[in-house]
Every structure is written in C-alpha cells, then in structure tokens.
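Observations on the model geometry
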Amino acid sequence: MGFNLQNLEAALKAARKYTYLPFSLHFFESVSSTNQTLWNLLNQGAISGTVVIATVQTAGRGQWGREWISPVGGLYVSVAISFDHKIEATDSYQLTFATAWGIASQLRQCGVDVGIKWPNDLVLNGRKLGGILTETKVNKGQITQAVIGVGINWTNPVPETGINLESWQASQDFRPITCLEMLTSKVLLGIESGMECLFQEGVSILLSGYLDLLINMGDRVYINNLSGTVVGVTSQGNLRVDLETYNTKELITPEIYIEPGTISLGYHKSSV
C-alpha cells in the first residue's frame, strides 16, 4: 500500500492547534537517506519546515556513523529547522531531546506507552521502537540549520532488541495508530511541539519533561570498575551519574558527566 500525502495533510490539519513550523511535505519511494535528501533540498533553497518522507532508505544513517537498516514498512522522515534564536553548537543535543520528548508525548497521548532511552532512542516495552539523528550546520559556534531524522518501526521486521508498532498494537485491546500517515503526523507534531517547548519555554522545562520519560533514571552503570546510578542529564546532553566510592571512613558519591556515545546503556524490560 502506498503512502497517501493527502491523508497525512488531513491528519496534520485536524490535529494542529498552532503552526510553529510551516510543513512542506516531500515524499519519495526510495532515497539514500532522508537526511541527505533534505540537505540537498536545503542547498537548493528549501526552507525551515521542509519535510522528506521515504518508503525505503538505501544508506540510512544512525548515531556515530552507524548504519540504520531501513526496510519497507518503517517510517523514515526528516524535518529541516532554521534558527532565528541563537543556539550554541555545543547545545545540539537539546534538539534531539526536544524531538524525543515531543514524539513520545504525542504517542503517549493516544495510548502508546513510549519512553526514552538516553540519548536518542524511543522505547516501547523495553525495546527499541525508533531513533533520532540530528545533524547541524554551524557558523561561528552557532547552529544555523538542523535536519532532524526520525526512523520508527511500523510494520518492518526488527532485531530482537527492537519492536514494531503494529505488533505491539496487535497485542493490545485497541489500535490507537491506524495507519502510517497517522504515525507520520504524530511524529511531525511531536517535533513541532518539542521545538516550541525548547524555544518558547526553555531548556529546563524541556529537560524536566525528557527526564519524566527517561527509562534510565535510577539505572546502575559501571564506569572504570566503579558503580554508579543515573540521576539525570545535562543541557549539553551528558548523562549525570552519581558514583559510589569509599574514602577511608565513609561512602562519597561524586557526580560525573558521561558524553553520549561513550557508554551504551543497553535495553531492559520495563517493570511497569
């Protein structure tokens, strides 16, 4: 079944209370990656709010240069955002956090119990539902443009640590997301509401929302043979960990910051 842009436009129109991003939708059957296609469009003069959606990516990218396998049945979408406000290059993870929080919130509102795994994964039943890849263009230490790519498992096959939304819905009493176009609208509205929260309400409000949905809070981690507990994230995207170390008399818990990409937290079944 093909992707119906009219259905997506109707779903967006019905659900939008405001227009923060002027979505301009572009659909492709197959691209190397939706992010790369969108950068190409931006180089040709496309504006903030331009969206690229594809059925298949032949060279999808994940975090840290990993390959993102993108078979038919998944949602692959990228959104362009330009910045009037100043955002430091070192704060690029705020865009990822805004996206993760926004999409998770949209899906939770219709009954899909999505959480966030630090720094950029969407999780359902303790397994990976989707991921986010933020790429930025920087001038003089400030981000001028960003492309936010999102991949979500809809009906596509997934590895053991993954889950697709349709198989989860089949095990529920209800089917909150009825089609791929509806899922796409939730993702786009999530990105829009996340950016609005970040830029209108500020990073501290956004971070508190992100932490509410972070499945890693309280997790035990081991760093250089020391045990620690995840207590939060910083506005630069680093994981905040309280380490347990003993001096001669007492337990002391210095807080350390761990950069994304330096440790992997793995997947665990949720306890709820």
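Keep in mind it's a predicted model, so treat the numbers as computed, not measured.

This part covers helix H5 (residues 180–201). The end-to-end C-alpha distance of H5 is 31 Å, a good match for the 32 Å that 22 residues give at a rise of 1.5 Å each. With 18 of 22 residues buried, H5 is to be regarded as a mostly interior element. Two residues or fewer after H5 comes Gly-202, characterised by a positive phi angle close to 100 degrees.

In this section: the sheet that holds strand E7 (residues 142–152). Strands belonging to one sheet form pairs held by backbone hydrogen bonds; the direction of such a pair is parallel or antiparallel. Here we have seven strands laid out as an open sheet, ordered E1-E2-E3-E7-E6-E5-E4, and mixed in their pairing. With partners counted over all chains shown, the strands left at the sheet margins are strand E1 (24–31) and strand E4 (115–117), one partner each. Shown here is a sheet whose adjacent strand axes are inclined to one another by a mean of 25 degrees, direction ignored. As judged from the four bridges shared by strand E5 (residues 121–124) and strand E6 (residues 127–139), these two strands associate in the antiparallel manner. Along E6, the bridge assignment pairs Val-123 with Lys-128. H5 rests against E1, strand E2 (50–57), strand E3 (75–82) and E7 of the sheet, and its axis sits at about 25 degrees to E3.

Considered for burial, the residues of helix H6 (residues 203–213) that qualify are Leu-206, Leu-207, Gly-209, Tyr-210 and Leu-213. All buried residues of H6 lie within an arc of 160 degrees about the axis, which places them on one face of the element. Summarising the geometry of H6, the exposed residues directed more than 90 degrees from the buried face are Ser-204 and Asp-212. On the buried face of H6, the contacting elements are helix H3 (93–109), E4, H5 and strand E9 (226–233).

Quick notes on the rules
- Residues numbered from 1 in each chain as written.
- Predicted model: local features only at pLDDT ≥ 70, side-chain atom pairs only at ≥ 80, totals over all residues.
- Heavy atoms only, no water.
- Helix = DSSP H or I, 4+ residues; strand = E, 2+ residues; numbered from the N terminus.
- Expected span 1.5 Å × (residues − 1).
- Buried < 20%, exposed > 50% of the residue type's maximum accessible area, 1.4 Å probe, protein only.
- Pairing = 2+ DSSP bridges.
- Axes fitted to C-alpha atoms, helices over the stretch in contact; angles between N-to-C directions.
- Contact = heavy atoms within 4.5 Å.
- Arc of directions from axis to C-beta.

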